[in-house]
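Breakdown of the fold
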Amino acid sequence: MNKDLTVGEPEKVLWKFCLPLFGSIVFQQLYNIADSLVAGKFIGENALAAVGNSYEITLIFIAFAFGCNMGCSVIVSQFFGAKKFSKMKTAVSTACIASAVLCAALMVGGILGCDALLRGINTPQEVFADSKLYLDIYVWSLPFVFFYNIATGIFSALGDSKTPFIFLAISSTANIGMDILFVTALNMGVAGVAWATFLCQGVSCVLAVAVVFKRLKTVEGDEKGELFSLPILGKIVVIAVPSILQQGSISVGNIIIQSVINGFGPGVMAGYSAAVKMNNLVITSFTTLGNGISNYTAQNVGAEKLYRVKQGFRAGVKMVWMLSIPLFVLYFFAGRSILLFFISQPTATAIQTGVTFLRILSPFYFIISAKLVADGILRGAGMMNKFMIATFADLILRVILAITLAKTAMGATGIWCAWPVGWCTAAVLSIGFYRTGAWKNDPVPETEAA
């Protein structure tokens, strides 16, 4: 069901809209968590290290899919908020065509270049074959990844966050079962983990695309929209490219950091692989809530209700902080118990690595979550230059500090300390940029202030 985010009390509107998004990303992350859990429990520590090692490279591809999602979602949201439905449909078809071309190019690059990427990050020989096998299968699933992201971006733009949640809940649950079936019953090893993810992503993609296009047919425009529009593509690119650069740069930064971690051996790799999956669940959840706030902002900017942006920021920070409290407590005090789910016969190095990582990062979830809310508003309002400045400040600091501190007596622990420094710096920048937005002087109308 389509939902107009320009009316109603902002806090209630955001809670109703963003909670299904939060649920969706939890299930989305279950794909990767299930892969790591099954690999670590039923295959071995080296398999867990291989899946985690490959995961950092898959994030590059996901960055492009995420950028297409955001570019389509923000522009469709603005047209939906302004009630320009014909242009909204043109934005959808334009985004689909452009994304298909980009996806094909990435598949060719992935097929030809994954081997070189794995060697470039110093992948240990004992996990190289499994890492490459996992990546080779993953590359063939890219059309599913791209078009699922486009479909969910459209759902979000129309104010519907429940439908993609249902698809993901079903497919993610099925993925866990298929992981176990392929690995334990069929003895497929790491290939079984990859093929299970491939099949489940394919099913969720086909369902999401079919439903979203059926939904669009019910939206009547005042005239027939174009199939492809260069001006609208330009608007999408303005949002998509910085989003791709943001996620892509973070992925490249993580790959550089992964190459440093690989130098500490499979034990540290395995512990980091399990812990970073848990951390990514949290960060991706906050990012997804920020994406929801982008849709909220874009609709209200399109409707010229800028005063609601300020209300949305306050409501968004309140929401992510309420989620940060239990996540911090769980990871800081029970991280060891959770890590044991991932590794059947853990080494002391692997467990200590994971526990240290989580205890250093989890107290700073309150800061990074507020930063991602501000990012969501900057992106939804099209303030992409400022959005990028904050993002690159975080990335550059993290990479430089990780490389530098890893060479000191702190060793691997120094790498983990780089995260909070980057997060805090970027949060100051993002929130400062948000406070300079056009909405700062837009008063709440008397009719709504009452």
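Please refer to the structure placed before this passage.
A few points on the structure. The model shown is predicted, which means the values in this text are computed figures rather than measured ones. (Residues numbered from 1 in each chain as written. Predicted model: local features only at pLDDT ≥ 70, side-chain atom pairs only at ≥ 80, totals over all residues. Heavy atoms only, no water.)

1. Structural notes on the side chain of Thr 123
For clarity, the cut-off: By definition, any uninterrupted DSSP run of H or I lasting at least four residues is a helix, any uninterrupted run of E lasting at least two residues is a strand, and each is numbered from the N terminus. Relative accessibility thresholds used throughout: buried, under 20% of the residue-type maximum; exposed, over 50%; partly exposed, between the two (1.4 Å probe, protein chains only). Identification of polar contacts relies on pairs of N or O atoms within 3.5 Å, with a donor-acceptor requirement for protein atoms, meaning one able to donate a hydrogen and the other able to accept it, and with residues adjacent in sequence counted only if both atoms are side-chain atoms.
Relative to the elements of secondary structure, Thr 123 occurs in the loop between helix H3 (85-120) and helix H4 (125-139). Residue classification places Thr 123 among the buried positions, given a relative accessible area of 10%. A polar side-chain atom of Thr 123 sits 2.7 Å from the main-chain carbonyl oxygen of Leu 118.

2. Comments concerning the environment of Val 421
Note the cut-off: Note on contacts: a residue pair qualifies if any of its non-hydrogen atoms lie within 4.5 Å across the two residues.
Looking at the element boundaries, Val 421 is found in helix H14 (residues 412-434). Once residues within four sequence positions are removed from consideration, Val 421 is found in contact with Leu 397 and Leu 401.

3. Regarding the packing of aromatic side chains
Basically, it comes down to this: Each pair of aromatic rings taken from Phe, Tyr and Trp, with Trp reduced to its six-membered ring, is defined by centres within 6.5 Å and is described as stacked if the planes are under 30 degrees apart, edge-to-face if over 60, and tilted in the remaining cases.
In the structure shown here, the tally under the stated rule is 18 aromatic pairs. Ring centres 6.0 Å apart and planes at 55° place the aromatic pair Phe 80 and Phe 85 in the tilted group. When its relative accessible area of 10% is taken as the criterion, Phe 80 is described as buried. A connected cluster of aromatic rings, assembled from ring pairs, spans Tyr 272, Phe 357, Trp 416 and Trp 419.

4. Overview of the packing of helix H12 (residues 365-380) against H14
Definition in use: Fitted lines through C-alpha atoms serve as axes, helices being fitted only where they are in contact, and the angles separating the N-to-C directions of these axes extend from 0 to 180 degrees. We call a crossing left-handed when the near helix sits turned anticlockwise from the far one by less than a right angle, and right-handed when that turn is clockwise. Residues are grouped as follows: Ala, Val, Leu, Ile, Met, Phe, Trp, Tyr, Cys and Pro are nonpolar; Asp, Glu, Lys and Arg are charged; all remaining types, including Gly, are polar.
Axis separation between H12 and H14 bottoms out at 8 Å; the angle between their running directions is 35°. The element H12 and its partner H14 pack so that their crossing is left-handed. Where H12 abuts H14, its residues Tyr 365, Ile 367, Ile 368, Ala 370, Lys 371, Ala 374, Asp 375, Ile 377 and Leu 378 lie against Trp 423, Cys 424, Ala 426, Ala 427, Ser 430, Ile 431, Phe 433 and Tyr 434. The class makeup of the residues in the contact of H12 with H14 is 14 nonpolar, 1 polar and 2 charged.

5. Overview of helix H11 (residues 348-361)
Heads up, the condition is: Any helix carries an expected span of 1.5 Å times its number of residues minus one.
For H11, with 14 residues, the first-to-last C-alpha span of 20 Å sits near the 20 Å given by 1.5 Å per residue. Within H11, 10 of the 14 residues are buried, which leaves it mostly tucked inside the rest of the structure. Along H11, the residues that are buried comprise Ala 350, Ile 351, Thr 353, Gly 354, Val 355, Thr 356, Phe 357, Leu 358, Ile 360 and Leu 361.

6. As for the pattern of salt bridges
This is how it is decided: The salt bridge criterion pairs a side-chain nitrogen of Lys or Arg with a carboxyl oxygen of Asp or Glu, the two atoms within 4 Å.
For the coordinates displayed, the defined rule picks out 7 salt bridges. In this structure, Arg 119 engages Asp 115 in a salt bridge whose closest nitrogen and oxygen atoms are separated by 2.9 Å. A residue pair is termed a helical-turn pair when its members lie 3 or 4 positions apart in one helix, as Arg 119 and Asp 115 do in helix H3 at 4 residues. Here Arg 215 and Asp 160 are joined by a salt bridge, their closest N and O atoms 2.8 Å apart. Of this pair, Arg 215 sits in helix H7 (residues 190-216) while Asp 160 sits in the loop between helix H5 (142-157) and helix H6 (162-185), and the two are 55 residues apart along the sequence. By relative accessible area, which is 15% here, Arg 215 ends up buried.

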